[in-house]
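Residues per chain are reported as follows:
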Amino acid sequence: MSILDRYIARQYLTNVAALLVIIASFVVVIDVSINLDDFVEAASTLGAPEGETNPPVRTGVLTFLVITDLWWPRLVQLFNFLLGLVLVAAMGFTCTQLSRQREFLAMLAAGVGLHRVALPLVGVAVLLTSVQALNQEILVPRIAPLLARTHDEAGQRGLGTSAVPLTPDGVGNLLRAQTFDADSETLSGVYIQQRDETGRAERIITAESATWTGSGWALVGGRARSLSGGTDSGAASAGRDMGAIEFVETSLGPTELKLNRFQTYRQALSFRQAGELASHSRRVAEQAGVEPDAGAIARLERIRWGRVSVMVSNLLSLLIVIPFYVTREPKNMALQSLRCAPVAIISLMGGVLAASAAVPGLPPAVGVFIGPMVLATIAIAVLSALKT
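This report concerns the structure included in the present document. Model, not experiment: these values are computed from the prediction.

1. A look at helix 9 (residues 333-356)
Here comes step 1: Helix length check: helix 9, at 24 residues, gives a terminal C-alpha distance of 34 Å against a target of 34 Å (1.5 Å per residue), a fit within 8%.
Here comes step 2: Maximum bend of helix 9: about 35°, positioned at Cys-340, with proline Pro-342 one to four residues after it.
Here comes step 3: Within helix 9, the full set of buried residues consists of Met-333, Gln-336, Cys-340, Ala-344, Ser-347, Leu-348, Gly-351, Ala-354 and Ala-355.
Here comes step 4: Here the buried face of helix 9 lies against helix 2 (56-100), helix 8 (294-325), helix 10 (364-367) and helix 11 (370-384).

2. A word on a nonpolar patch on the surface
Here comes step 1: A surface patch of nonpolar side chains, about 470 Å² in accessible area, is lined by Leu-362, Val-366, Ile-370, Met-373, Val-374 and Ile-378.
Here comes step 2: Looking at which element gives the most residues to the nonpolar patch, the answer is helix 11, with 4 residues.

3. Considering the side chain of Lys-258
Here comes step 1: Here Lys-258 lies in helix 6 (residues 254-261).
Here comes step 2: Setting aside chain neighbours within four positions, we find Lys-258 in contact with Leu-159, Phe-180, Ala-182, Glu-185 and Tyr-265.

4. Concerning the pattern of salt bridges
Here comes step 1: Inspection of every chain in the model, using the stated rule, returns 3 salt bridges.
Here comes step 2: Arg-149 is the salt-bridge partner of Asp-69, the closest N and O atoms lying 2.5 Å from each other. Here Asp-69 is found in helix 2, whereas its partner Arg-149 is found in the loop between helix 5 (144-147) and strand 1 (161-168), with 80 residues between them in sequence. Comparing Asp-69 with Arg-149, the two get one shared label, buried.

5. With respect to the nonpolar core
Here comes step 1: Counting residues in hydrophobic clusters, the biggest one holds 42 residues, and the most contacted among them are Tyr-12, Val-16 and Met-91.
Here comes step 2: Mapped by element, the contributors of at least two residues to this core are helix 1 (3-44), helix 2, helix 3 (103-109), helix 4 (114-142), helix 8, helix 9 and helix 11.
Here comes step 3: Among the elements that take part in this core, helix 2 stands out by supplying 11 residues, more than any other.
Here comes step 4: Residues contacting Tyr-12, with those up to four places away along its chain left out, are Leu-87, Ala-90, Met-91, Thr-94, Leu-121, Val-124, Ala-125 and Leu-318.
Here comes step 5: If you look at the next biggest cluster of nonpolar residues, it comprises 36 residues, including Ile-143, Ile-245, Ala-268 and Ile-297.

6. Observations concerning the layout of surface pockets
The method is simple in principle: a probe with the dimensions of a water molecule rolls over the atoms, and the space it marks as empty is what remains.
Here comes step 1: The volume enclosed by the largest pocket comes to roughly 610 Å³.
Here comes step 2: In this structure, the largest pocket is lined by 23 residues; those nearest its centre are Phe-81, Gln-267, Gly-306, Val-310 and Val-352.
Here comes step 3: At the level of elements, helix 2, helix 4, helix 8 and helix 9 are the ones that each hand at least two residues to the lining of the largest pocket.
Here comes step 4: The element contributing the most residues to the lining of the largest pocket is helix 8, with 8 residues.
Here comes step 5: Each residue belonging to the lining of the largest pocket can be placed in one class, and the counts come to 11 nonpolar, 8 polar and 4 charged.

7. Some thoughts on the environment of Gly-243
Here comes step 1: Its location among the elements puts Gly-243 in strand 7 (residues 240-244).
Here comes step 2: Exposure remark for Gly-243: the relative accessible area of 18% places this residue in the buried category.
Here comes step 3: When the C-alpha atoms of Gly-243 and Ser-226 are compared, they prove to be 9.9 Å apart, with 17 residues separating the residues in sequence.
Here comes step 4: Those residues within four positions of Gly-243 in sequence are excluded, and the remaining contacts are Gly-222, Arg-223 and Ala-224.

8. Considering the pairing of strand 5 (residues 216-220)
Here comes step 1: As defined by bridge partners, strand 4 (residues 201-212) adjoins strand 5 across 4 bridges and the pair is classed as antiparallel. Of the residues in strand 5, the one forming a bridge with Thr-211 is Ala-218.
Here comes step 2: Taken together, strand 4 and the strand that follows it, strand 5, pair antiparallel across an intervening segment of 3 residues, in which Gly-214 is found at a positive phi of about 115°.
Here comes step 3: Strand direction decides the pairing type here: strand 5 and strand 8 (residues 247-249), joined by 3 bridges, are antiparallel. Opposite Gly-216, over in strand 8, you have Glu-249 as the bridge partner.

Rules and cut-offs
- Residues numbered from 1 in each chain as written.
- Predicted model: local features only at pLDDT ≥ 70, side-chain atom pairs only at ≥ 80, totals over all residues.
- Heavy atoms only, no water.
- Helix = DSSP H or I, 4+ residues; strand = E, 2+ residues; numbered from the N terminus.
- Expected span 1.5 Å × (residues − 1).
- Bend = angle between axes of the 7 residues up to and from the residue.
- Buried < 20%, exposed > 50% of the residue type's maximum accessible area, 1.4 Å probe, protein only.
- Contact = heavy atoms within 4.5 Å.
- Patch = residues over 30% accessible without salt bridge, like charges linked within 9 Å, V, L, I, M, F, W, Y side chains within 5 Å.
- Areas by Shrake-Rupley, 256 points an atom, 1.4 Å probe, with all protein chains shown as cover.
- Salt bridge = Lys/Arg side-chain N within 4 Å of Asp/Glu carboxyl O.
- Core = buried A, V, L, I, M, F, W, Y, C linked by side-chain atoms within 4.5 Å.
- 1 Å grid on protein atoms, 1.4 Å probe; cavity = no way out; pocket = protein on both sides within 12 Å on 5 of 7 lines; lining within 4 Å.
- Points joined across faces, edges and corners; volume = space filled by probe spheres on them.
- Nonpolar A, V, L, I, M, F, W, Y, C, P; charged D, E, K, R; others polar.
- Pairing = 2+ DSSP bridges.

What follows is the structure, given as structure tokens:
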């Protein structure tokens, strides 16, 4: 890497870091100003004896710690959401600085083409996109329980317990539980209704508790009862007792239950986790002799490949807007930014929407890349016309 490359890359990285800090600070300050009462309430009783509150000074310190505790995992995830926009904006600031100081003219006079000038910008963008991928695959899944917390749950480490309503498992069976402990991934008061291919209930399974084994639920005190009339859950008493049962294989595991309970949990799945969920759903459906839930599997596939599509779209959007700022002669960069803004927004938002929308007739792993295919065509045409 030449001195020129290091100089441009350093400026670009500095602008990216500055924009990330500014945007993150703005988001946190706005959220704290709106929800300060919730943070103070959570801090006032944190670590205090039951029925008492902390002194004012201790409450103030704990409030700061509670805010930090809630927001540091959110900022880790926010980095993934903002990176595409920040890369484009930081590139604009970097090129504006270089153009204002007439450094582009000096490079051209030295025989350095503008394609060569854009190379360190693209290199830094690829590096940061790799960091984004590692962040999504390694760090975000590990802090997923922290991302699911609300403001009044700041300072807590567990997801807690909740009831599980009657929930389908993807092969026609229904599961219900009095409580689901999301931290230990256990169920209590378990009720499972197994159905035949026509959708009629044929067996009822009850258990005191259940623990996930990776492919199904290991039951404690499990009993199975055959429904004589194949009616509904209310006919369980009319069926025949089939004895004890220790294990039930199902595609409805702890991760799916967390996805149903916490909408933000879906964005914390890694590429591997989403793939394992989809494969497990297919395997259970094959063993049960029924068609798998195509809609649920398609959503998981879009989660997997959609992230790859968005990363590629971010890089292509950066390439598309380069000609607005990397120019042979000095230009009014404010006017160039106004021209660039709609193009950048449409490119970035188009990539996100294309990665999340279902395309009829195409498998999800292919449909999510329609956006990058279009952006790649535009990027090649734009860069080919760049005057150097």
